[in-house]
Structures are given as structure tokens and as C-alpha cells.
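Residue-level structure breakdown
As a plain string of letters, each chain reads:
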Amino acid sequence: MLTARGIALLVAGVKLVGVGLGFGYFELTVLGCGALSAFAGSLLWAVWRPRLEVRREVHPDRVVRAEPCGAVVHVRNAARWRGASLIGHDQVGAATVTVPLLRLGPGRETSTQYAIPTERRGVVDVGPLRISRRDPLDLVRATREYGEPARVW
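Quick caveat, the model's predicted, so the values are computed rather than measured. All residue numbers refer to positions counted from 1 along the written sequence of the respective chain. Only residues with pLDDT of at least 70 are given local features in this predicted model, and only at 80 or more are side-chain atom pairs given and counted; all residues enter the totals for whole chains, interfaces and linings. In computing side-chain values, all of the structure's heavy atoms are included and hydrogens and water are not.

**Digging into a nonpolar patch on the surface**
- Residues L2, I7, V11 and L43 make up a contiguous nonpolar surface patch of roughly 300 Å² in combined accessible area.
- Counting from the N terminus, the helices are DSSP H or I runs at least four residues long and the strands are E runs at least two residues long. Position of L2 relative to the elements: it lies in the segment before α1 (4–23). The residues that make up patches have over 30% relative accessible area and no salt bridge, and they are joined within 9 Å when like-charged or within 5 Å when they are Val, Leu, Ile, Met, Phe, Trp or Tyr. The accessible surface values rely on the Shrake-Rupley method and a 1.4 Å probe; as for residues, cover is taken only from the protein chains in view. The salt bridge definition used is simple: a Lys or Arg side-chain nitrogen within 4 Å of an Asp or Glu carboxyl oxygen.

Shown next as C-alpha cells:
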């Protein structure tokens, strides 16, 4: 997904290249090509998909209203290279739980435990884990889902 800053840079880059080529201003053409190169680099940065394996445990999966219930999400970096520092968000009913994945090395695993709200009767859906990536210039953002969702009855 393009951010407002990304759209502005793309439009400015195209206009600078057009004006530079149209009126013979070499400097404007170079400036526009630089803007378009930065945009293309940010697309490549955001397209990279981290190789993660996500497992979720919910205990117990059937509870009476207001009984304690919890979940543990295990995230493993399946890549051969060092993973980037990422922040994941696990959907728990209407709430969102933050799952930090800071400097998760190759083959390493991290776990995050959290409570599941059971104040209301009904089904509470847990997951999937959403990982958002953005490039350093905040021109493009990409959100992907990992793992299978679970349910608490």
C-alpha cells in the first residue's frame, strides 16, 4: 500500500523527469530520476517477505464466561539470514495484542503469552498474526498474515 508520502514522491518524480526532458533541464531530470529510484527501492524493500513459521496455542479452548483463558504465539525465523526487527499484531476478538519480533536470528524462536478476554459469551477469534513492514522512508507499507487462526468458545 502506498503512503501519501510515496504517492507525492512518485508524482513529483514523474513531473520532474517530464519537465526536465521537455525543456532540456538536465538537473531536473536527474532529480526526478533520483526520486523515482528511491520509490523503486522502497517497493523492493516492502515486497521482501520474511520467512516466519507461526504456531498458536490456546488453553483452554472452551471456557465459561469470565474464566481465565490464555494464548501463546510462537514465531520462528525460518530464513537463513538475520531477520529484520518486526512488530506483529495478533487479533484477539476486537482487541489487538502486540507481538515484538526484535532481531529474531535465523532459526531462532520467540514466544509471547497473553490473556484472552472472556467477559462476554460467544466465540472469540484469535489470530492470524499480522506483520507490517514499511521502508525506511515510509513510502510503501505491506501487511501480511501468518499462522492459522484459533477459536475460543
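**So, the packing of α1 against helix α2 (residues 26–47)**
- Axes, fitted as lines to C-alpha atoms, cover a helix only where it is in contact. Angles between the N-to-C directions of the axes lie from 0 to 180 degrees. Running from amino to carboxyl end, α1 crosses α2 at an angle of 150 degrees, the nearest separation of the two axes being 7 Å. Judged by the angle between their axes, α1 and α2 are roughly antiparallel. As α1 packs across α2, the resulting crossing turns out to be left-handed. Contacts between α1 and α2 involve G6, L9, L10, G13, V14, L16, V17, V19, G20 and L21 from the first element and L28, T29, L31, G32, C33, A35, L36, A38 and F39 from the second.
- Three residue categories are used. Nonpolar comprises Ala, Val, Leu, Ile, Met, Phe, Trp, Tyr, Cys and Pro, charged comprises Asp, Glu, Lys and Arg, and polar comprises the others, including Gly. Tallied by class, residues from the contact of α1 with α2 come to 14 nonpolar, 5 polar and no charged. For this classification, under 35 degrees means roughly parallel, over 145 means roughly antiparallel, 65 to 115 means roughly perpendicular, and everything else is oblique. Helix crossings get a hand from a simple test, with the near helix turned counterclockwise from the far one by less than a right angle marking a left-handed crossing and a clockwise turn marking a right-handed one. For this analysis, residues touch if any pair of their heavy atoms sits within 4.5 Å.

**Digging into the pattern of salt bridges**
- One pass over the structure, following the stated rule, counts 7 salt bridges.
- R55 serves as the salt-bridge partner of E57, at 3.4 Å between the closest nitrogen and oxygen.
- Classification of residues uses two cut-offs on accessible area relative to the type maximum, computed with a 1.4 Å probe and protein chains only: under 20% is buried, over 50% is exposed, and between them is partly exposed. The partly exposed category is assigned to E57, whose relative accessible area is 29%.
- Between R151 and D125 there is a salt bridge whose closest N-O contact spans 2.7 Å. Here R151, found in strand β8 (residues 150–152), pairs with D125, found in strand β6 (residues 124–134); they are 26 residues apart in sequence, far enough to count as distant.
- Residue classification places R151 among the partly exposed positions, given a relative accessible area of 46%.
- Taken together, the shared-partner salt bridges connect R55, E57 and E109 into one network.

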